[in-house]
Amino acid sequence: MKRIITIEAVKEAVEAAHAHFREEKGGKNADYIPYLKNVPSDLFGISVCLADGRSVTVGDTDYRFGIESVSKVPTAILAMNQYSAKKVLSQIGADATGLPFNSIMAILLENDHPSTPLVNAGAISACSMIKPTGNAEAKWKAIVDFISGLCGSKVSVLDELYRSESETNFNNRSIAWLLKNYNRIYDDPDMSLDLYTRQCSLGITARQLAVMAATIANCGTNPVTWEEVFHPNLTPHIASLMATVGFYEHTGDWLFNTGLPAKTGVGGGIMAVIPGVMGLAAFAPPLDSAGNSVKAQKALEYISVRLGLNIF
Ligand code: DON
């Protein structure tokens, strides 16, 4: 398939996608985390960063929204970078669950195995692996510095979101202790859960998310700062995890339509990676039944088809 990736073509596609879906009304904000219910539903931004650092942004690309499950991607990379891809495969796994992101059933069905670092169970497990184990603040610094390095700019927690999540994350508390029961948590369960909750509560802009995606696409070197953030051989591993489970039980449909490894979050963000080519991000709060942004999906699908980005 021919890829048209001039910056002009990207700009046209991004602007057309924004104009096309701006008035789209489907979906609703996540409400199981009270903070997210109150984020203005009509926010909509799209940002693309090429592997050479040039970028295109349209709409609300400087609004700081909750990164939520998109944060599972950087923590998975950090765990692979600190240990190895093989170690993460053996301690967490790489299989899709075919079930919702917060499924307890998936843990039971997978025979004690959290499956993949891109669902809640595997992400809490990944947080438990982050070094230096046993030291919550140093682990947190490792995570937040890593994410800032990927973005090429500082990220920090939205305090109100963190409070809101911490007060309501009963299901995740069960997951953390169930993982402990199955020896799939590699540090203190409550500390690992808190790190996971904190990373989900990071504020990020669509602009930053596109740079993160471009750093992944660019094999670990940030194309804006030129910092080498992670080992180049990890990009195919993280892209395969994103392609396998990035949209949870809707991943097959997404991949069928777009051919893009991508990851969603209930804050309304989606990040897509085309290795060697570009990173894309879109943000709009209303979600479908699997917790994926309706407008952001449509916009990225439109851009993928228009530019011929399908990696298959
Ligand atoms: O753990 C949770 O439920 C949230 N902090 C994140 C879930 C999420 O973003 C799922 N993705 N679409």
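Residues numbered from 1 in each chain as written. Predicted model: local features only at pLDDT ≥ 70, side-chain atom pairs only at ≥ 80, totals over all residues.

**A few points about the UniProt feature "binding site: substrate" (unreviewed entry) in the protein**
Mapped onto this structure's residue numbering, the UniProt feature "binding site: substrate" (unreviewed entry) falls at Ser69, Asn120, Glu165, Asn172, Tyr196, Tyr248 and Val266. Take Tyr196: it is sitting in helix α10 (residues 189-200). Since 26 C-beta atoms lie within 10 Å of it, Tyr196 is described here as buried. Excluding anything up to four places from it in sequence, Tyr196 contacts Ala123, Ile124, Cys127 and Asn172. (UniProt positions renumbered as here; feature names shortened; annotations may be inferred. Helix = DSSP H or I, 4+ residues; strand = E, 2+ residues; numbered from the N terminus. Buried ≥ 20, exposed ≤ 12 C-beta atoms within 10 Å, placed from the backbone. Contact = placed C-beta atoms within 7 Å.)

**Observations concerning the sheet that holds strand β6 (residues 262-264)**
Either a parallel or an antiparallel arrangement is found when strands of a sheet pair, and the pairing is made through backbone hydrogen bonds. If you trace the five strands from one edge of the open sheet to the other, you get β2-β1-β8-β7-β6, paired in antiparallel fashion. The outermost strands of the open sheet, each flanked by one partner alone, are β2 (55-59) and β6. Strand-to-strand twist in this sheet, taken as the mean axis angle between neighbours without regard to direction, amounts to 10°. Strand direction decides the pairing type here: β6 and strand β7 (residues 269-274), joined by three bridges, are antiparallel. The residue of β7 that forms the bridge with Ala262 is Ala272. Relative to strand β8 (residues 278-283), helix α11 (residues 206-217) is tilted by about 150°, and along the sheet it contacts β1 (45-50), β2, β7 and β8. Relative to the sheet, helix α14 (residues 294-307) contacts β1, β6, β7 and β8, its axis offset from that of β8 by approximately 150°. (Pairing = 2+ DSSP bridges. Axes fitted to C-alpha atoms, helices over the stretch in contact; angles between N-to-C directions.)

**Quick look at the environment of Phe247**
Mapped onto the secondary structure, Phe247 falls in the loop between α12 (235-245) and α13 (251-258). Taking the number of C-beta atoms within 10 Å as the measure of exposure, Phe247 has 25 and is therefore buried. The spatial distance from the C-alpha of Phe247 to the C-alpha of Ala262 is 7.5 Å, given a sequence separation of 15 residues. Among all residues touching Phe247, those that are not within four sequence positions of it are Trp254, Thr264, Ala290 and Asn292.

**Observations regarding the packing of helix α6 (residues 120-129) against helix α9 (residues 170-181)**
Across the interface, α6 lies against α9 with an axial gap of 10 Å and an inter-helix angle of 65°. Pair α6 / α9 crosses with right-handed handedness. Facing Asn120, Ala121, Ile124 and Ser125 of α6, the residues of α9 in contact are Asn172, Ile175, Ala176 and Leu179. Per-class residue counts for the contact of α6 with α9 are five nonpolar, three polar and no charged. (Left-handed = near helix turned anticlockwise from the far one by under 90°. Nonpolar A, V, L, I, M, F, W, Y, C, P; charged D, E, K, R; others polar.)

**Digging into the sheet that holds strand β5 (residues 202-204)**
Judged by pairing direction, the sheet is antiparallel, and its three strands sit side by side in the order β3-β5-β4 without closing on themselves. The strands lining the two open edges of the sheet, one partner per strand, are β3 (65-66) and β4 (156-157). Strand direction decides the pairing type here: β3 and β5, joined by two bridges, are antiparallel. In the sheet register, Gly66 faces β5, and the bridge partner there is Gly203.

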